Amino acid sequence: MKIAVISCIHGNYEALDAVLLDIEKHKVEQIYCVGDLVGYGPHPNAVVAQIRSLDIPTCAGCWDDDIVEGLNACECSYPSLLAEKRGHLAHEWTNKEIHPENREFLAQLPYSLRYENLVFVHGSPHSNHEYLLPELDAFVALERVLSVNADVLFCGHTHVPYIRNLDAGKLQICVQTEGEKAQDKSFNTSLKRIINVGSVGEPRHGRPNATYIIYDTDTQAVILREVPYDYQKTCAAIIEKGLPAIFAWRLARGLEFAERADDPTHVCTR
């Protein structure tokens, strides 16, 4: 079966529409979404309504959580005070804009999804606010996959797509229980993978094109799709809706924009 995995739409309906058309051309049989339907972008209701109408299995993203539970439900911080102010403005705007039925839909989203040996999360199995970066320590990355008994872990959250193979083979660990001496124990594990699907609505890989993944469950082949769309229309809507103009700037460039934090303890590390 061919599946498509999308993430981080962030209220960008133009990008979502383009990606769905691209998915249709590739005759994909099932779509999964790993969250962040809202936040930053100008059309949160249109995005949620489209996901609902297509009955796409979706797990909760950190922005989806914040709209349901309240601002900074994860007790996270921003990399700078200016970034925090912009985030608060975007949250307040989205919170006022979202329709009750769409808020209810976000509230019932699960934190993970599973299909056979595939698991889908927003950030990581530990938290939808944790970043599984490509340079993450290999043992830690492997632990995240093994913790949910998966062969392939799909995630988003970073807005930058990547495929990471974790070919551990034989692992040796030190185990110590109360009242006993430490013992070295080993076990074998097959190839595991982390696949970050990037972002539909706010890419940060250096280009404005939307990204998503097509995965073949029979051959394990992975195709990263990069889809151009009329991002300038979304940029204009961001300005028109009164959202921070920097959101349009970074969307047009496919880049993140955050001032360097004076105090590193202000940065969320979850």
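Residues numbered from 1 in each chain as written. Predicted model: local features only at pLDDT ≥ 70, side-chain atom pairs only at ≥ 80, totals over all residues. Heavy atoms only, no water.

Draft legend 1. Examining the pairing of strand β1 (residues 2-6) more closely. Most of β1 sits out of view: four of its five residues are buried. As defined by bridge partners, β1 adjoins strand β10 (residues 210-216) across four bridges and the pair is classed as antiparallel. Looking at the pairing, Ala4 lines up with Ile214 of β10. Traced from β1 through helix α1 (residues 13-25) to strand β2 (residues 30-33), the parallel crossover comes out right-handed. (Buried < 20%, exposed > 50% of the residue type's maximum accessible area, 1.4 Å probe, protein only. Helix = DSSP H or I, 4+ residues; strand = E, 2+ residues; numbered from the N terminus. Pairing = 2+ DSSP bridges. Right-handed = clockwise from strand over helix to strand, strands pointing away.)

Draft legend 2. Representation of the pairing of strand β3 (residues 112-115) within the structure. Where β3 and strand β4 (residues 118-121) come together, four bridges link them in antiparallel fashion. Bridge pairing in β4 places Arg114 opposite Val119. The antiparallel pairing of β3 with β4 creates a hairpin that spans two residues between the two strands, and Glu116 there sits at a positive phi of about 50 degrees.

Draft legend 3. Up close: helix α8 (residues 245-253). For α8, every residue scored as buried is listed here: Ile246, Phe247, Ala248, Arg250 and Leu251. Turning to α8, the residues buried within the fold contact α4 (81-97) and α7 (231-240). Just beyond α8, the residue with positive phi is Gly254, at close to 65 degrees. (Contact = heavy atoms within 4.5 Å.)

Draft legend 4. Broad picture of the pattern of salt bridges. If you walk through the whole model with that rule in mind, you get nine salt bridges. With a shortest N-O distance of 2.5 Å, Arg144 and Glu143 are connected by a salt bridge. Judged by relative accessible area, which is 11%, Arg144 ranks as buried. For Arg204, the salt bridge identified is with Glu202, shortest N-O distance 2.4 Å. Among the residues examined, Glu202 registers a relative accessible area of 4% and is labelled buried. Several salt bridges share partner residues, and in doing so they unite Glu202, Arg204, Arg250 and Glu256 into one network. (Salt bridge = Lys/Arg side-chain N within 4 Å of Asp/Glu carboxyl O.)

Draft legend 5. Unusual backbone geometry, seen in detail. Positive phi, close to 50 degrees, is recorded for Cys8, a residue that is not glycine. Within the secondary structure, Cys8 is located in the loop between β1 and α1.

Draft legend 6. Highlighting the confidence of the model for the protein. In this model, the protein carries a mean pLDDT of 87, and residues with pLDDT of at least 70 account for 83%. The low-confidence segment residues 170-177 (pLDDT under 50) makes 26 contacts with residues lying over four places distant or belonging to another chain. Considering only residues more than four positions removed or in separate chains, one finds that residues 259-270, a stretch of pLDDT under 50, has 24 contacts. (pLDDT = per-residue confidence, 0-100.)

Draft legend 7. Up close: the packing of helix α2 (residues 44-53) against helix α5 (residues 100-107). Relative to each other, α2 and α5 sit at 60 degrees, their axes nearing to 10 Å. One element, α2, and the other, α5, form an angle in the oblique class. Here α2 runs over α5; the crossing is left-handed. Across the interface between the two elements, Asn45, Val48, Ala49, Ile51 and Arg52 of α2 pack against Glu101, Asn102, Phe105 and Leu106 of α5. (Axes fitted to C-alpha atoms, helices over the stretch in contact; angles between N-to-C directions. Parallel < 35°, antiparallel > 145°, perpendicular 65-115°, else oblique. Left-handed = near helix turned anticlockwise from the far one by under 90°.)

Draft legend 8. Main features of α2. Three or more residues of α2 are buried, namely Pro44, Asn45, Val47, Val48, Gln50 and Ile51. Residue Asp55 follows α2 closely and has a positive phi angle near 55 degrees.

Draft legend 9. Structural context of the nonpolar core. Membership of the largest hydrophobic core comes to 42 residues, with the highest contact counts inside it found for Ile6, Ile9, Ile23 and Leu37. In terms of residues, this core owes the most to one element, α1, which gives six residues. Those residues in contact with Leu37 that sit more than four places away from it in its chain are Ile9, His10, Gly11, Val47, Val48, Ile51, Thr58, Asp64, Phe105 and Leu106. (Core = buried A, V, L, I, M, F, W, Y, C linked by side-chain atoms within 4.5 Å.)

Draft legend 10. Representation of the sheet that holds strand β11 (residues 222-227) within the structure. Taken together, four strands build an open sheet; the order of strands is β2-β1-β10-β11 and the sheet is mixed. At either end of the open sheet lies a strand with only one pairing partner, and these are β2 and β11. Neighbour to neighbour, the strand axes of the sheet diverge by 25 degrees on average, direction disregarded. On top of the sheet, α1 reaches β1, β2, β10 and β11; it is set at about 30 degrees to β10, its chief contact.

Draft legend 11. How the structure looks around the side chain of Asn102. Note that Asn102 resides in helix α5. With relative accessibility at 2%, the residue Asn102 sits in the buried group. Every residue in contact with Asn102, bar those within four places of it in the chain, is listed here: Asn45, Val48, Ala49 and Arg52.

Draft legend 12. Layout of the side chain of Glu130. In this fold, Glu130 is placed in the loop between β4 and α6 (138-146). The buried category is assigned to Glu130, whose relative accessible area is 15%. Within polar-contact distance, the side chain of Glu130 engages the side chain of Ser124 at 2.3 Å. (Polar contact = N/O pair within 3.5 Å; in protein donor to acceptor, adjacent residues only side chain to side chain.)

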